[in-house]
Structures are given as C-alpha cells and as structure tokens.
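One-letter residues, chain by chain:
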Amino acid sequence: MAGVWRLLLATPDAVPAARHALDELPEIEDHTRGVVELLTSELVTNAVRHGSSDPHESILFAVRCLDGDCVRVEVCDEGSGFGQRGEGGELLEPGGLGLLLVDALAARWGVCPGRPSCVWFEAEPTLH
C-alpha cells in the first residue's frame, strides 16, 4: 500500500500543495486521478474555510492506494467537526456544494467522530 501524507498550514496554499502531493502516487489510474484531485481540493478547501480560525493551525492530508485500485484520502483539521451529511446550500449560490460532490463521486466517504475533525473518501475506477 503506497501512500503519502503532508502536514499543511491551514491557508489557501494547502489546496494546491495537497493536489501536488498526489503526484507522488503515479499508480493512481488516470480515470480515477481526476476524481481524487477534485475531491481532495474540496475537502482541503473545507478544512481551510471551516476548520480552526487560527491560520497557524495545521491540516493533515493523507492518501494511500488500497487493494483493487481504490484510493483513500483523509483530511483532518482542528475544527469542531460536523456530522456526515450530503446536503449543501442553494444550487445557485457560490460555495457549499463540496460535500455534495464528495457524496456523488466517491465510492464511499465518512466523518470520523471527535477531534481532530477528519473527513475521508475512497475513489475507485469506474466501469465504462
């Protein structure tokens, strides 16, 4: 099981840094990589926006390849957390739709209870 992890400052620069860390896993299939990159961006953005209000806090980003071409991503922050849900804001309003994308595109996803606040998803190749 190959994997990488990063401890990132909770700033907007964390989003591209997490995406670039995915480059260290060339075994992620091309048709899965796009979904993993998009959902990684969404979860890290949520951690920056809704995690701790202290910009000196960190975000833990971890990704690993599991058996059968499955990729698991975990994003943890110092925020107070939330329950798993798939609803977002109004469709015509900016923002608030990240978890809807996760719910629609991930094979599985969830929230680990307690602190730190951790959200994870798994992506698998789709059959064409």
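Every chain is numbered independently, its residues counted from 1 as its sequence is written. Given that this is a predicted model, residues contribute local features only at a pLDDT of at least 70 and side-chain atom pairs are listed and counted only at 80 or more, while totals for whole chains, interfaces and linings are drawn from all residues. With hydrogens and water stripped out, all remaining heavy atoms of the structure feed into the side-chain values.

A look at the environment of Val35
Link 1 in the chain: Secondary structure elements are taken from DSSP: a helix is a run of H or I of four residues or more, a strand is a run of E of two residues or more, and numbering for both begins at the N terminus. Relative to the elements of secondary structure, Val35 occurs in helix 2 (residues 30–50).
Link 2 in the chain: C-alpha of Val35 to C-alpha of Val102: the two residues are 67 residues apart in sequence and 9.2 Å apart in space.
Link 3 in the chain: Any two residues whose heavy atoms approach within 4.5 Å are treated as being in contact. With sequence-adjacent residues up to four places away left out, Val35 is seen in contact with Leu105 and Ala123.

Quick word on the pattern of salt bridges
Link 1 in the chain: We count a salt bridge whenever a side-chain nitrogen from Lys or Arg sits within 4 Å of a carboxyl oxygen from Asp or Glu. Across all of its chains, the model carries 6 salt bridges by this definition.
Link 2 in the chain: Ionic pairing is found between Arg6 and Glu24, a salt bridge with its closest N-O pair at 2.0 Å. Within this pair, whereas Arg6 is found in strand 1 (residues 3–9), its partner Glu24 is found in the loop between helix 1 (14–21) and helix 2, the two being separated by 18 residues in sequence.
Link 3 in the chain: Using a 1.4 Å probe on the protein chains alone, a residue whose accessible area is under 20% of its type maximum counts as buried, one over 50% counts as exposed, and one in between counts as partly exposed. A residue is classified by how much of its surface remains accessible, and Glu24, at 43% relative accessible area, is partly exposed.
Link 4 in the chain: Salt bridges sharing partners connect three or more residues here, namely Arg64, Arg72, Glu74, Arg108, Glu122 and Glu124.

So, the pairing of strand 5 (residues 117–123)
Link 1 in the chain: Taking burial as the measure, the 7 residues of strand 5 include 7 buried ones, the bulk of the element.
Link 2 in the chain: Residues Ser117, Val119, Phe121 and Ala123 line one face of strand 5 and the alternating positions Cys118, Trp120 and Glu122 line the opposite face, and both faces are buried.
Link 3 in the chain: Here strand 3 (residues 71–77) runs beside strand 5; their pairing, made up of 7 bridges, is antiparallel. Opposite Val71, over in strand 5, you have Ala123 as the bridge partner.
Link 4 in the chain: The pairing criterion is simple: DSSP has to find at least two bridges between the two strands. Strand direction decides the pairing type here: strand 4 (residues 108–112) and strand 5, joined by 5 bridges, are antiparallel.

Considerations on the packing of aromatic side chains
Link 1 in the chain: Ring pairs shown here join Phe, Tyr and Trp side chains whose ring centres sit within 6.5 Å, with only the six-membered ring taken for Trp; geometry is labelled stacked below 30 degrees between planes, edge-to-face above 60, and tilted in between. Within the structure shown, the criterion is met by 0 aromatic pairs.
Link 2 in the chain: Against the face of Trp120 rests Arg72, its NZ or CZ located 4.1 Å from the ring centre. Geometrically, a charge over a ring is one whose NZ (Lys) or CZ (Arg) sits within 6 Å of the ring centre while staying within 35 degrees of the ring normal.

Some points on the confidence of the model for the protein chain
Link 1 in the chain: You can read pLDDT as the predictor saying how much it trusts each residue, on a scale of 0 to 100. For the protein chain, mean pLDDT is 85; residues scoring 70 or higher make up 83% of the total.
Link 2 in the chain: Contacts for the low-pLDDT stretch residues 86–93, under 50 throughout, to residues beyond four places or in other chains number 9 contacts.

Let's talk about the packing of helix 1 against helix 2
A pair of packed helices is characterised by two quantities: the angle between their axes and the separation of those axes.
Link 1 in the chain: Note on geometry: axes are C-alpha line fits, over the in-contact stretch for helices, and angles between N-to-C directions span 0 to 180 degrees. Where helix 1 meets helix 2, the axes come as close as 9 Å, and the angle between the chain directions of the two elements is 145 degrees. Both helix 1 and helix 2 take part in a crossing whose hand is right-handed. On helix 2, the residues that touch Ala14, Val15, Ala18 and Arg19 of helix 1 are Glu37, Thr40, Ser41, Val44, Thr45 and Val48.
Link 2 in the chain: Of the residues belonging to the contact of helix 1 with helix 2, the class tally is 5 nonpolar, 3 polar and 2 charged. In this scheme the crossing of two helices becomes right-handed for a clockwise turn of the near helix relative to the far one and left-handed for an anticlockwise turn of less than a right angle. Gly falls in the polar group here, along with every residue not listed as nonpolar (Ala, Val, Leu, Ile, Met, Phe, Trp, Tyr, Cys, Pro) or charged (Asp, Glu, Lys, Arg).

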